[in-house]
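Here's the letter readout for the chains.
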Amino acid sequence: MMGLLLTLLGIVLIQDDVKPTATELRRAHQMLAGPWTVASATDDGDMVGADILRRKMVKDGRVVIKNRTITHVNPETGETLVNAFTINPAKLPREINLISIDDRTLPGIFKFEGDELVICFTDGQRPERPTDFESKPGSSRVVLRLKTAADKKATVQPDAEVDDVVETKEAPASTVSPLRSAGAPKATEAELRRDRDLLGGLWRILSIQDDGETLGTELIRQKIAENGLLRVGSRGVSVVSPTDEQKRLWAYRIDPATSPKEIDLITQFDTILKGIYTFEGDQLVVCTTKSEDEPRPTVFEAPSGSRRVLYTLKTVKPEPAAARPAAPPQPTPEEQARLREQKIRDMIVGSWSMTDSRGSLVTVFRADGTFTSTRTLTRKRLFEPATKSFNGAWTFGQSRLTARVSGTTDPNLLGYSYSGRVQSIGEDTMVASDLTGGLRTFRKLR
């Protein structure tokens, strides 16, 4: 179990004649940086259960790699342990040395496999570095599988220094050689414009094969490009780092006249990564070298030991703009007049009361076009009843309300018509003028 604790210790670069470039180092630091969860651990052939791991060794199974340090919390003591590390990603397998708490060097190797970081190292009893990622009984090896954590609690700035190897070579932009060799056919402006147009836009990174290792989609989204997206402009490539949300920019230049088509990526260190590219339907495939000293690829492959990276991207189509609903047809003036009259007619339906010098009048206008009225007199003539009732039919048109009496308790009113122009109407009040121009105000009862 001592070997398991060493997963939380730093990585030390081995002095070797194969040295990584500054670009390789920075990229490897960015890939390693962030929170990880220990998915499994095999110590000398014995699988360590996840529950024991979290309760005894690593709180929540969580480790954080940041700025060349590895941090974890002991779940039993609550102590936070931090160890430094440096890396050499140039060797295959990539070599690491873990340093124990008693300053012993534990040689190992590491790789990215899908969304996992796999580390295999000896426990210190044997000095030999592993050549494969196996932990058999009696091998004195520990194999750890770490899965990238989904949260950003331990978001880190990928600002680790890149001085793990002395005399790192950086080529100034002024020394960069042109894409094509002397005498090669020259791309026309039309060819350049066409391919820049095809390259331009937003791309989703479907897969990355790095020197034989395939990186998983989740690892790409959390370590390389936010949401797995990459944007290509007319002269540059940019991604948003998911670890610090900063934009990373690289320049590029192309030569579409060659076969396969050639591309050069100019890193922030002014180094040139030579590559080739091709379009396959709605996908873009790019194969580049890992350092500027490597020859340009001639095939779209990145097997182990090739010192190449193969990218497969798919164009992201912009979402269609939401269609605006068609504006409803505007009614004609005649239709507007009809609609207005219908609205007033609907508002007339109901019970209304009116008071004048003779008394009060209550009229009920029904939706079927009939009405009933009751007149209560305050000053009645001799032999005249105190109330009168009558009924009939009513109509409304051209702003005029007309009521014709067809039944009444007063024979003198039979067949009589009342007509008035509606001046205004609301929820509670209606004002109408009679034939002489006098205004009468009606109050709605219900």
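Criteria and thresholds
- Residues numbered from 1 in each chain as written.
- Predicted model: local features only at pLDDT ≥ 70, side-chain atom pairs only at ≥ 80, totals over all residues.
- Heavy atoms only, no water.
- Helix = DSSP H or I, 4+ residues; strand = E, 2+ residues; numbered from the N terminus.
- Buried < 20%, exposed > 50% of the residue type's maximum accessible area, 1.4 Å probe, protein only.
- Contact = heavy atoms within 4.5 Å.
- Phe/Tyr/Trp six-rings, centres within 6.5 Å; stacked < 30°, edge-to-face > 60°.
- Pairing = 2+ DSSP bridges.
- Axes fitted to C-alpha atoms, helices over the stretch in contact; angles between N-to-C directions.
- 1 Å grid on protein atoms, 1.4 Å probe; cavity = no way out; pocket = protein on both sides within 12 Å on 5 of 7 lines; lining within 4 Å.
- Points joined across faces, edges and corners; volume = space filled by probe spheres on them.
- pLDDT = per-residue confidence, 0-100.
- Salt bridge = Lys/Arg side-chain N within 4 Å of Asp/Glu carboxyl O.
- Core = buried A, V, L, I, M, F, W, Y, C linked by side-chain atoms within 4.5 Å.

Further remarks concern the side chain of S40. In this structure, S40 sits in strand β1 (residues 34-43). Residue S40 is classed as buried on the basis of its relative accessible area of 19%. What S40 contacts, discounting residues up to four positions off in sequence, is M47, V143, L144 and R145.

What the rule picks out here adds up to five aromatic pairs. Ring centres of Y277 and F279 lie 5.9 Å apart, and the angle between their planes is 85°; this geometry places the pair in the edge-to-face category. Taking relative accessible area as the criterion, F279 reaches 24% and is therefore assigned partly exposed. Ring geometry for F365 and W394: centres 5.4 Å apart, planes at 75°, overall edge-to-face. In this pair, F365 is assigned in strand β20 (residues 359-365) and W394 in strand β22 (residues 387-397), connecting sequence segments 29 residues apart. Site record: aromatic cluster; members linked through ring pairs are F390, Y416 and Y418.

We now examine the sheet that holds strand β24 (residues 417-425). Read around the barrel, eight strands follow the order β19-β20-β21-β22-β23-β24-β25-β26 and close on themselves; strand pairing throughout is antiparallel. In this sheet, neighbouring strand axes are inclined to one another by 35° on average, regardless of whether the strands run parallel or antiparallel. Together, β19 (350-356), β20, β22, β23 (400-408), β24, β25 (429-433) and β26 (439-444) form the strand contacts of helix α6 (residues 333-348), whose direction differs from that of β22 by roughly 160°.

Cis geometry is found at the peptide bond from L92 to P93, where omega equals -5°. Structurally, the position occupied by P93 is in the loop between β5 (80-84) and β6 (94-99). Even without being glycine, D60 reaches a positive phi, approximately 60°. Assignment of secondary structure puts D60 in the loop between α3 (50-57) and β3 (62-66). Within the chain, R307 stands out as a residue other than glycine whose phi angle is a positive 60°.

Before going further, it helps to spend a moment on empty space enclosed by the protein. Using the criterion set out here, one finds three cavities of 30 Å³ or more in the structure. Each pocket or cavity is described by its volume, and for the largest cavity that value is around 840 Å³. Around the largest cavity, the lining comprises 40 residues; the ones closest to its centre are R27, W250, L265, L273 and Y311. Ranked by residues supplied to the lining of the largest cavity, first place goes to helix α2 (residues 22-32) with seven residues.

Turning our eyes to something else, we now look at the layout of surface pockets. Approximately 780 Å³ is the volume found for the largest pocket. M354, L361, R375, Y418 and R440 are the residues nearest the centre of the largest pocket, which is lined by 28 residues in total. For the lining of the largest pocket, the secondary structure elements donating two or more residues are β19, β20, β21 (370-377), β22, β23, β24, β25 and β26.

For the rest of this paragraph, the subject is the confidence of the model for the protein chain. With 83% of its residues at a pLDDT of 70 or more, the protein chain shows a mean pLDDT of 80. Throughout residues 1-16 the model reports pLDDT below 50, and contacts reaching past four residues in sequence, or to other chains, amount to 61 contacts. Residue range residues 152-177 is modelled with pLDDT below 50. Its contacts to residues more than four positions away, or to other chains, number 67 contacts.

We now examine the pattern of salt bridges. A full pass over the atoms with the stated rule returns 22 salt bridges. Linking E113 and R145 is a salt bridge whose minimum nitrogen-to-oxygen distance equals 2.9 Å. In this pair, E113 is assigned in strand β7 (residues 105-113) and R145 in strand β9 (residues 141-148), connecting sequence segments 32 residues apart. Residue E113 is classed as partly exposed on the basis of its relative accessible area, which comes to 33%. Through salt bridges with shared partners, a single ionic network connects R27, R94, D210, E213 and K290.

As a further point, take the nonpolar core. W36, F112, L117, L230 and Y252 are the most contacted members of the largest nonpolar core, which totals 50 residues. No other element matches the four residues that α2 contributes to this core. Once residues lying within four places of it in the same chain are set aside, the contact partners of L230 are G201, L202, W203, I205, V237, S238, V239 and L313. By size, the runner-up hydrophobic cluster in this structure holds 18 residues, among which are W394, V405, L413 and A432.

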